[in-house]
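# Residue-level structure breakdown
Listed below, chain by chain, are the residues.
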Amino acid sequence: MNQGDRRTPCVVVIGAGASGSLTALHLARTARRRGTALDVVLVDPAPHRARGTAFGTTDPRHLLNVPAGGMSALPDEPGHFVAWRARQIPELMPEPGDFAPREEFGTYLDATVADAYAAEGAPALRHVRARATGIRRKADGMLVSTDDGRTLEAGAVVLATGELSPRARWAPQDLRDSPFFVADPWAPGAIDVVRRDFAGPADALLVGTGLTMVDVVVSLTGVDTRPDRRIHAVSRNGELPREHLAEPQLAAIPEVGDWGTSLAEYRERATAHLVRVRAATGDWRPAVDGLRTVVQTLWGRLNDADRLEFVQEYAGSWGRVRHRMSPVSAATLAALRDVARLTVSAAEVLAVEPLALGGLRVTLSDGTTREVGWVVNCTGPAITLEAGTDPLYDELLAPRAGVALAQPATFGMGVRTRDGRLVDSSGSSEAPVWTLGAVRRGELWESTAIPEIRAQAAQVAIAVLDELAPLPRRLADGRLVGGHHPVARPRDPLGLPLSTTAEAAAAYNSGLERVMRLQSGGESLLLEATELDPGFAAAHAALAMLGHEGGADVDVAARLRAARKAARVRADDRERSLVEVVGRRVEDARNLGATALMNHIAQYPRDVLAVSAAVPTIAFSGVTDIQQEAWELVEGLAPAYGDHWWYISLLAFTRQDQSRFDDAGLLAESALSCEPTSGHAVHAQTHVMYETGRHDAGRAWLDHWVLESGRGASHRAHFSWHAALHELAMGDTEAVRQRYYSQLAPPAVTGVRALIDSASLLWRWRVTTSGWDDAAGVSAFQGESAPPPATGVLEAAGAQLVDRPETPFVALHAALGIAASGDVGRLARLHAHCLTSAEPTMQTAVATVCEALLAAGEGQWERAARLLADVLPTLPRVGGSAAQREIVEETLLFCLVSDGQAERALRLLDDRLDRRTSPLDRRRRDSLTTTSSSGPRKVIPSGR
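Residues numbered from 1 in each chain as written. Predicted model: local features only at pLDDT ≥ 70, side-chain atom pairs only at ≥ 80, totals over all residues. Heavy atoms only, no water.

## Some remarks on the overall build of the protein
Just so we agree on the cut-off: To qualify as a helix, a DSSP run of H or I must reach at least 4 residues; to qualify as a strand, a run of E must reach at least 2; elements of each kind are numbered from the N terminus. Exposure categories follow from relative accessible area, calculated using a 1.4 Å probe and restricted to protein chains: below 20% of the type maximum is buried, above 50% is exposed, and the middle band is partly exposed. A contact between two residues is defined here by any heavy atoms of the two lying within 4.5 Å. Working convention for charge: Lys and Arg count positive, Asp and Glu count negative, and His plus the chain ends are omitted. Working definition for charges: the position is that of NZ of Lys, CZ of Arg, CG of Asp or CD of Glu.
Summing up its helical and strand segments, the protein has 39 helices and 19 strands in all. For the protein, the C-alpha atoms occupy an extent of roughly 100 × 85 × 50 Å along the three principal directions. Counting across all 944 residues of the protein, residues that qualify as buried make up 56%. Contacts in the protein between residues at least 24 apart in sequence constitute 68% of all its contacts with a sequence separation of at least 6. Each charge class in the protein was averaged separately, 100 positive and 116 negative side chains, and the resulting centres sit 2 Å apart.

In structure tokens form, the structure reads like this:
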């Protein structure tokens with residue numbers, strides 16, 4: 001349908017650069033997922049989409065300032081841009097860490113938009129090649145006027161105008177009037193003119209030493225320019241943007257909840273953060289990248305005086321470390337400076353006078369003069385809106401009938417919004433006009449890079465469609481207020497209605513959000529919700545689930561009874577279904593409740609508690625131990641969640657389980673940039689670091705997170721276990737020992753975590769470190785290698801878990817813990833328990849591991865190795881992660897070495913080293929090639 005068809009909502013997006021194209025893309029994706037008919041109109045005089053100032057360059061030497069892995073247009077597919085590049089130019093073998101040409105990204109984004117609108121059921125898209133000059137309200141929407149006389153009707157408007165054009169207030173009037181002054185280097189053909197003249201007799205002066213200057217220098221120093229001419233770059237500070245690392249490190253995100261509200265305190269705390277992170281990682285960039293994720297939060301707390309001080313005094317220094325140049329660009333500039341073709345100095349332009357044969361003599365504040373052919377303004381885009389510079393914003397800020405559609409943000413840095421929706425001069429945000437990107441700088445500060453714009457575009461798309469074509473919402477229980485209006489109900493964090501009071505809903509939502517983040521204290525808030533409203537069925541059901549699945553101190557049966565009673569009185573269909581599902585989960589055998597849970601999720605995919613129970617994670621056992629089924633479950637939820645940080649966190653863990661480590665890492669980074677406390681994202685990233693062999697960096701990053709954003713994490717023991725794996729891989733048993741006694745030894749850890757984390761670490765420690773001496777008898781490990789005794793850990797876990805485990809995953813760890821304690825009789829009894837279990841995986845895989853451990857305890861190394869080799873392919877059915885199941889492979893390796901099967905052990909080590917880098921495996925391999933087997937060893941110590 002066309003734009004004017006009243007049956008189809010129309011969205012006019014003003015601007016077709018990166019911001020506008022990303023908005024159009026997410027409108028298409030969101031509308032298609034919802035099955036909503038929509039017309040989208042892009043208004044921009046440019047001939048092509050997705051170019052704009054940043055990506056309209058045709059110089060292939062103009063590179064992205066963000067690695068390609070961070071530039072996907074699709075939040076749930078972080079490798080999308082990299083994969084597109086691989087299809088377009090396979091001979092280059094693109095990597096996520098590449099800094100691709102900006103022109104390529106523009107082409108990619110255009111193609112991605114085209115694909116989205118070509119898909120079956122997608123909205124209609126058209127491009128009006130004109131400049132928008134005004135926006136006015138009408139009774140049922142908006143009117144957009146253009147410079148060619150057209151008027152476009154719209155149900156909603158999105159301002160995606162990109163960066164403001166550069167200004168040159170710094171330039172003397174004589175310079176601004178000179179034909180040898182380039183006020184805007186990104187104006188069509190501006191640099192081409194300089195290039196042609198630059199090959200002649202004159203140097204060039206660039207004013208500004210930021211990223212714009214980097215691009216201009218690259219353009220003016222190609223192979224077709226004269227090597228005897230120089231470029232002089234000046235700015236008030238004379239400093240260049242800093243350089244990206246060739247191999248970026250993970251962002252170290254600080255916890256800023258207690259950072260106060262003053263700029264002075266921020267400076268002090270940020271400096272301390274930089275010092276700590278640099279000491280831990282050896283570099284300052286992870287600290288700055290971590291600060292970037294919380295800048296919007298910090299900026300929102302500052303008063304206007306502090307904001308002004310930051311803009312005037314510190315914005316430049318922040319920009320130099322935050323907006324960095326690629327390593328290739330940095331090397332280019334360094335090479336030019338080495339041969340004096342580029343000079344960089346701290347100076348300002350004081351005066352100019354024309355030269356007789358063309359060009360200018362420029363007097364600088366450092367006392368020097370430069371005779372140059374051209375002066376180029378490289379100070380970058382303007383950051384404030386000013387009257388007379390853009391007719392569209394002039395009209396938006398001009399009152400009509402006493403009210404202007406927009407009002408300026410802080411110091412004119414864009415416009416005020418309420419979650420992206422324009423706030424008019426009366427303080428209302430009723431007009432269906434949204435914006436994103438640079439014009440939100442005043443309220444966000446960080447709002448110009450693709451990662452931020454991508455997230456804003458997705459949020460705007462949802463908000464616009466919620467306004468124009470809201471999804472149908474169920475009534476609470478069919479009752480009406482006054483016989484006419486639905487009962488207004490509060491909603492949960494994903495927008496599902498709750499049958500309770502506003503006060504109880506607030507407590508419930510806080511508790512549910514803590515569960516989503518894997519933070520402790522969720523159950524106490526849910527309990528508070530039931531105290532505020534004893535008839536709150538969903539809160540009772542949530543407590544029952546947490547008690548059953550997570551070991552929370554909850555009377556599960558009582559909570560389930562309360563949930564059922566409440567559901568009969570006051571609940572909607574979803575809440576009643578949830579209560580039923582939780583009841584089956586608690587009371588039925590595991591697989592009998594799985595069907596009901598999956599049916600519930602199919603109908604209510606945004607029910608976070610139900611999805612949490614279904615997906616195997618660090619916190620919940622899930623409905624399936626079959627990896628493929630779990631993957632399909634998570635991937636199938638994409639239409640319901642989009643780029644929500646919680647879903648992206650789950651997807652990140654799924655990707656690492658699929659050995660798609662680049663995608664997993666990028667997804668985890670994306671989730672953490674939105675929610676730094678997301679335990680699921682941290683868990684995924686931790687696995688990525690381990691599986692890719694980045695042990696030193698992984699340990700440092702994880703320790704930082706636990707001390708900062710992870711202070712309230714509910715599974716700190718498991719994160720400590722991960723850090724200990726890095727230390728074992730590096731051969732640092734002294735660090736493992738210190739971590740065990742400070743973070744993993746009872747009474748700090750009890751229950752199932754004592755078994756899964758602490759006991760399993762002690763066994764891994766034993767088989768990893770015992771007997772790996774070199775030819776001179778020197779241990780490959782730093783410090784005493786023997787682990788502490790395991791008996792106390794088993795006591796902390798409890799006899800029920802250790803001797804009568806109900807699931808294969810817990811049973812496997814019980815076997816390993818008993819092996820670490822040396823109690824052969826107890827291990828034999830567990831073996832018998834597994835053989836008589838009704839759970840098939842207990843009967844087969846776990847029982848076989850028990851049998852192998854018993855054989856190892858008797859020195860029957862060949863038999864133990866054979867059993868373990870046979871069981872390895874079936875271990876995924878046991879559940880858990882690859883890192884957790886790896887302990888069985890470690891045991892196999894020990895048995896092979898103990899049996900003198902050096903060649904098989906070497907092959908196993910080589911296979912492991914092919915999967916990832918491991919200093920430990922490298923040392924063990926070297927040990928095997930220089931020494932012979934030392935004969936049988938007794939791996940299970942004597943019982944106590």
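Back to the write-up after that little detour.
## Structural notes on the nonpolar core
Inclusion rule: Throughout, nonpolar core names a set of buried Ala, Val, Leu, Ile, Met, Phe, Trp, Tyr and Cys residues whose side chains join them through atoms within 4.5 Å.
Residues Y508 and Y641 are the most contacted members of the largest nonpolar core, which totals 98 residues. In terms of residue count, the dominant contributor to this core is helix α17 (residues 537-550) (nine residues). By size, the runner-up hydrophobic cluster in this structure holds 72 residues, among which are W763, A811, A883 and F894.

## As for the pattern of salt bridges
The condition is simple: Criterion for a salt bridge: a side-chain nitrogen of Lys or Arg within 4 Å of a carboxyl oxygen of Asp or Glu.
Enumeration according to the criterion identifies 59 salt bridges in this entry. Of the charged contacts, one joins E371 and R361 as a salt bridge, the two residues approaching to 2.7 Å between their closest N and O atoms. In this pair, E371 is assigned in strand β14 (residues 369-377) and R361 in strand β13 (residues 360-364), connecting sequence segments ten residues apart. Judged by its relative accessible area of 27%, R361 is partly exposed. Residue R576 is joined to D573 by a salt bridge in which the shortest nitrogen-to-oxygen separation is 2.7 Å. Separated by three residues within a single helix, R576 and D573 lie in helix α19 (residues 573-587), roughly one turn from each other. Take R576: its relative accessible area is 36%, and that puts it in the partly exposed class.

## Describing the packing of aromatic side chains
We count it as follows: Two rings belonging to Phe, Tyr or Trp (six-membered ring only in the last case) form a pair when the distance between their centres is within 6.5 Å. Interplanar angles under 30 degrees mark stacking, angles over 60 mark edge-to-face geometry, and anything in between is tilted. Two limits define a charge over a ring: the Lys NZ or Arg CZ must be within 6 Å of the ring centre, and within 35 degrees of the ring normal.
Evaluated as defined, the whole model comprises 18 aromatic pairs. Aromatic pair W299 and F310: ring centres 5.9 Å apart, planes at 70 degrees, arrangement edge-to-face. Placement of the pair is W299 in helix α9 (residues 285-301) and F310 in helix α10 (residues 304-322), with a sequence separation of eleven residues. In this structure, R441 packs its charged tip against the face of W445, placed 5.9 Å from the ring centre. When the ring centre of Y641 is taken as reference, the NZ or CZ atom of R606 above it lies at 5.7 Å.

## Observations regarding the environment of A458
As for its position among the elements, A458 is in helix α14 (residues 450-468). Discounting residues that sit within four places of it in the chain, A458 has contacts with H26 and D643.

## Overview of helix α22 (residues 627-635)
Because an α-helix packs 3.6 residues into every turn, residues spaced three or four apart end up facing the same way. We apply this condition: Within this analysis, the arc is defined by the directions that extend from the helix axis to the C-beta atoms.
Among the residues making up α22, those that are buried are Q627, A630, W631, L633 and V634. Summarising the axial view, the buried residues of α22 lie within an arc of 160 degrees, below the 170-degree limit, and thus occupy one face.

## A few points about the confidence of the model for the protein
For clarity, the cut-off: Values of pLDDT, ranging from 0 to 100, describe the predictor's confidence in every residue of the model.
Put simply, the protein has an average pLDDT of 89, and 92% of its residues get 70 or more. Note that residues 1-5 has pLDDT below 50 and, in this model, twelve contacts with residues that lie over four places away or in other chains. Counted against residues more than four places away or in other chains, residues 774-783, with its pLDDT under 50, gives 25 contacts.

## Looking at the side chain of R292
Note the following rule: The definition of a polar contact used here is a pair of N or O atoms within 3.5 Å, where within protein one atom must be able to donate a hydrogen and the other to accept one, and adjacent residues in sequence count solely through side-chain atom pairs.
When you line up the elements, R292 lands in helix α9. For R292, a relative accessible area of 18% translates into the label buried. Polar contacts involving the side chain of R292 include one to the side chain of E452, which spans 2.9 Å. Those residues in contact with R292 that lie beyond four places of it in its chain are W318, R322, A449, P451 and E452.

## Quick notes on the sheet that holds strand β5 (residues 141-146)
Short version of the rule: Note on pairing: two strands pair once DSSP finds at least 2 bridges between them. Here an angle of 0 to 180 degrees is reported between the N-to-C directions of two axes, which are lines fitted to C-alpha atoms, with helices fitted over the stretch in contact.
The sheet built from three strands is open, its strands ordered β4-β5-β6 with antiparallel pairing. In this open sheet, the two strands that pair with only one neighbour each are β4 (132-138) and β6 (151-154). Between one strand and the next, the sheet's axes are offset by a mean angle of 25 degrees, whatever the strand orientation. Judged from the four bridges that link them, β5 and β6 form a sheet pairing that is antiparallel. Considered in β6, the bridge of M142 is made with A154.

## Observations concerning the pairing of β4
In this structure, β4 lies alongside β5, joined through six bridges in antiparallel fashion. Each residue of the ladder has a partner; that of G134, found in β5, is S145. Hairpin connection, β4 to β5: the antiparallel pair is bridged by two residues.

## Let's talk about the state of the cysteines
How we decide: In this description, a disulfide is simply a cysteine sulfur pair whose atoms lie within 2.5 Å.
One pass over the full model with this rule turns up zero disulfides. C834 carries a free sulfur, and the closest cysteine sulfur to it, the one in C850, is 4.5 Å from it. What makes C834 buried here is its relative accessible area of 0%.

## Digging into the packing of helix α18 (residues 556-569) against α19
Which entries qualify depends on this criterion: In this scheme, roughly parallel covers angles under 35 degrees and roughly antiparallel covers those over 145, while 65 to 115 is roughly perpendicular and the rest are oblique. For any helix crossing, the convention is left-handed if the near helix is rotated counterclockwise from the far helix by under a right angle, and right-handed if that rotation is clockwise. Classification convention: Asp, Glu, Lys, Arg as charged; Ala, Val, Leu, Ile, Met, Phe, Trp, Tyr, Cys, Pro as nonpolar; all other residues, Gly among them, as polar.
Contact pair α18 / α19: the axes reach a minimum separation of 10 Å and the direction vectors enclose 155 degrees. Put simply, α18 runs roughly antiparallel to α19. The two elements α18 and α19 cross, and the hand of that crossing is left-handed. Side by side, α18 and α19 meet where V556, L560, A563, R564 and A567 of the first sit next to R576, V579, V582, G583, V586 and E587 of the second. For the contact of α18 with α19, the per-class residue count stands at seven nonpolar, one polar and three charged.

## Regarding the environment of P9
Topologically, P9 is positioned in the segment before β1 (10-14). Considering only alpha carbons, one finds P9 and V40, 31 residues apart in sequence, at a separation of 8.6 Å.

## Considering the environment of E839
Note on placement: E839 falls in the loop between α34 (824-835) and α35 (840-857). The exposure class of E839 is partly exposed, given its relative accessible area of 23%. Between the C-alpha atoms of E839 and P808, which are 31 residues apart in sequence, the distance is 7.7 Å. Only 2.8 Å separates the side chain of E839 from the backbone nitrogen of T841, close enough to count as a polar contact.

## As for the pairing of β14
Consecutive residues of a regular strand have side chains that alternate between opposite faces of the sheet. For strand β8 (residues 181-182) and β14, the ladder comprises two bridges, and the chain directions are parallel. Counterpart to F181 in the pairing with β14 is V375. Bridge count for strand β9 (residues 203-207) against β14 is five bridges, and the pairing is parallel. If you follow L206 over to β14, its bridge partner there is V376. In this structure, β13 lies alongside β14, joined through four bridges in antiparallel fashion. Across the sheet, residue L360 finds its bridge partner in β14, namely V372. Linking two consecutive strands that pair antiparallel, namely β13 and β14, is a turn of four residues; a positive phi of about 90 degrees is found at G367 within it.

## Notes on the packing of α34 against α35
Their axes nearest at 8 Å, the elements α34 and α35 cross at an angle of 160 degrees. When the interaxial angle is binned, α34 and α35 end up roughly antiparallel. Like other packed secondary-structure pairs, α34 and α35 cross with a definite hand, here left-handed. Residues V824, L827, A828, L830, H831, H833, C834 and L835 of α34 lie in contact with α35, whose contacting residues are M842, Q843, V846, A847, C850, E851, L853 and L854. Considering only residue class, the contact of α34 with α35 consists of twelve nonpolar, three polar and one charged.

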